[in-house]
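# Inside the fold
Residue strings, one per chain:
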Amino acid sequence: MKLFFTLAFILSATMAHAFTLRTTSMDVTKPMPMKQVFNGFGCKGENISPALEWEGAPAGTKSFMITAYDPDAPTGSGWWHWTIANIPATATKIPEGASGNKKLLMGAVEGRTDFGKPGYGGACPPEGNSPHRYIFTIFALKIPKVDLNKEASGAMFGFYANMNLLEQASFEVKFGR
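Residues take numbers from 1 onward in each chain, read along the sequence in its written order. In view of the model being predicted, local features appear only for residues whose pLDDT reaches at least 70, and side-chain atom pairs are presented and counted only at 80 or more, with totals across whole chains, interfaces and linings using the full set of residues. Computation of side-chain values covers all heavy atoms of the structure but excludes hydrogens and water.

### Considerations on the nonpolar core
Put simply, the rule is: To define a nonpolar core, start from buried Ala, Val, Leu, Ile, Met, Phe, Trp, Tyr and Cys residues and group those joined through side-chain atoms within 4.5 Å. In this scheme, a residue with accessible area under 20% of its type's maximum is buried, one over 50% is exposed, and one in between is partly exposed, where area comes from a 1.4 Å probe on protein chains only. Helix and strand definitions here come from DSSP, where helices need a minimum of 4 consecutive H or I residues and strands a minimum of 2 consecutive E residues; each element is numbered from the N-terminal end. By definition, residues are in contact when any of their heavy atoms lie within 4.5 Å.
Counting 34 residues, the largest nonpolar core has Met32, Trp54, Ile87 and Phe136 as its most contacted members. Contributions of two or more residues to this core are made by strand S4 (52-55), strand S5 (63-70), strand S6 (79-88), strand S9 (132-141) and strand S10 (165-175). When residues no more than four places from it in sequence are discounted, the contact partners of methionine 32 are Met26, Val37, Tyr120, Ala123, Tyr134, Phe136, Val173, Lys174 and Phe175. Counting residues in hydrophobic clusters, the runner-up holds 10 residues, among them Ala85, Leu141, Leu148 and Ala152.

Printed below as a string of structure tokens:
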């Protein structure tokens, strides 16, 4: 009996501190809504960045980085849809529509997407492809700031995230046309 209570305590303590990322802009069990879809390249969405919320960051977190990535893009290297670095360790959310305006957290920097400019670039898979996966990831970093600017590529954001990683959390949403 004692072992059961010890295991239950360990499991509940572990689960209580899980690092998680979620969105209130999308239902991850359904296709991405048109307001988060790109407007261009043949897509007719609104290109509004989603609201993101996170909790349970590990001890020692000094900043966060967020990426949105499509591993199914027919490029051989996927497609970067959004990169944000230097999010303060005190932050727990980003509101919908924050990309490219004053709602982005102070000090945060958005990098260049594979659409060629910084900021959020929504889903826009080629017509006729199977639905693509769009993976939103938050990285808890052990450093307060990375030396990246709006011209930095998604690969550079990924490099800095993985070199300074404490923990990460993700969710996935799909979209096809």
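From this point, the discussion proceeds with the structure in view.
### Considering the packing of aromatic side chains
Stated formally: In this analysis, rings of Phe, Tyr and Trp, with Trp reduced to its six-membered ring, are considered paired at centre separations within 6.5 Å, and the interplanar angle assigns stacked below 30 degrees, edge-to-face beyond 60, and tilted for intermediate values.
Evaluation of the coordinates by the stated rule reveals 11 aromatic pairs. Grouped by ring-pair contacts, the aromatic residues Phe38, Phe41, Trp79 and Phe115 constitute a single cluster.

### Things to note about the environment of arginine 22
Within the element layout of this structure, arginine 22 appears in strand S1 (residues 20-23). Between the C-alpha atom of arginine 22 and that of glycine 40, which follows or precedes it by 18 residues, the distance is 26 Å. Those residues in contact with arginine 22 that sit more than four places away from it in its chain are Ala51, Leu52, Glu53, Glu55 and Phe171.

### Section: the pattern of salt bridges
Where we set the bar: One side-chain nitrogen of Lys or Arg within 4 Å of one carboxyl oxygen of Asp or Glu is enough to make a salt bridge.
One pass over the structure, following the stated rule, counts 6 salt bridges. Salt-bridge contacts for arginine 133 lead to aspartate 72; the nearest nitrogen and oxygen are separated by 2.7 Å. Here arginine 133, found in strand S9, pairs with aspartate 72, found in the loop between S5 and S6; they are 61 residues apart in sequence, far enough to count as distant. Arginine 177 is the partner of glutamate 127 in a salt bridge, and the nearest nitrogen-oxygen pair spans 3.9 Å. Of this pair, glutamate 127 sits in the loop between strand S8 (109-110) and S9 while arginine 177 is found in the segment after S10, placing the two residues 50 residues apart along the sequence.

### Observations regarding the state of the cysteines
Note the following rule: Here, two cysteine sulfur atoms that lie within 2.5 Å of each other are counted as a disulfide.
For the structure shown, the criterion picks out 1 disulfide. Across the disulfide from cysteine 43 sits cysteine 124; the S-S distance is 2.1 Å. Around the S-S axis, the bridge from cysteine 43 to cysteine 124 shows a dihedral of about 100° and counts as right-handed. One end of the pair, cysteine 43, is in strand S3 (residues 43-44); the other, cysteine 124, is in the loop between S8 and S9, with 81 residues separating them in the sequence. In this pair, the class of cysteine 43 matches that of cysteine 124, namely buried.

### Observations regarding the sheet that holds S1
To keep things clear, this is the line we draw: Two strands form a pair only when DSSP identifies at least two bridges running between them.
Ordered by their spatial adjacency, 3 strands build an open sheet running S1-S4-S7, and the pairing between neighbours is antiparallel. Each edge of the open sheet is held by one strand with a lone partner, namely S1 and strand S7 (93-94). Sheet topology places S4 next to S7; 2 bridges connect them, and they run antiparallel. The residue bridging leucine 52 from the neighbouring strand is isoleucine 94, located in S7.

### Some thoughts on the pairing of S4
Taking every second residue as pointing to the same face, the buried face of S4 carries Leu52 and Trp54, while none of Glu53 and Glu55 on the other face is buried. Bridge count for S1 against S4 is 4 bridges, and the pairing is antiparallel. Pairing of arginine 22 across the sheet is with glutamate 53, part of S4.

### Things to note about the confidence of the model for the chain
Put simply, the test is: pLDDT is a per-residue confidence score from the predictor, ranging from 0 to 100.
Across the chain, the average pLDDT comes to 91, with 91% of residues at or above 70. Counting interchain partners and residues more than four positions distant, the pLDDT-below-50 stretch residues 3-14 has 0 contacts.

### A few points about the sheet that holds S9
The pairing of strands in a sheet comes from backbone hydrogen bonds and takes either a parallel or an antiparallel form. Formally: Angles here are taken between N-to-C directions and fall from 0 to 180 degrees, while the axes themselves are lines fitted to C-alpha atoms, restricted in helices to the stretch in contact.
Pairing in this open sheet of 5 strands is antiparallel, and the strands run S8-S6-S5-S9-S10 from one edge to the other. Bordering the open sheet on either side are S8 and S10, each of which pairs with just one other strand. Relative to S6, S5 runs antiparallel, the two sharing 7 bridges. Directly across from threonine 67, in S6, lies its bridge partner threonine 83. Across the sheet, helix H2 (residues 154-163) is in contact with S5, S6, S8, S9 and S10; its angle to S6 comes to roughly 45°.

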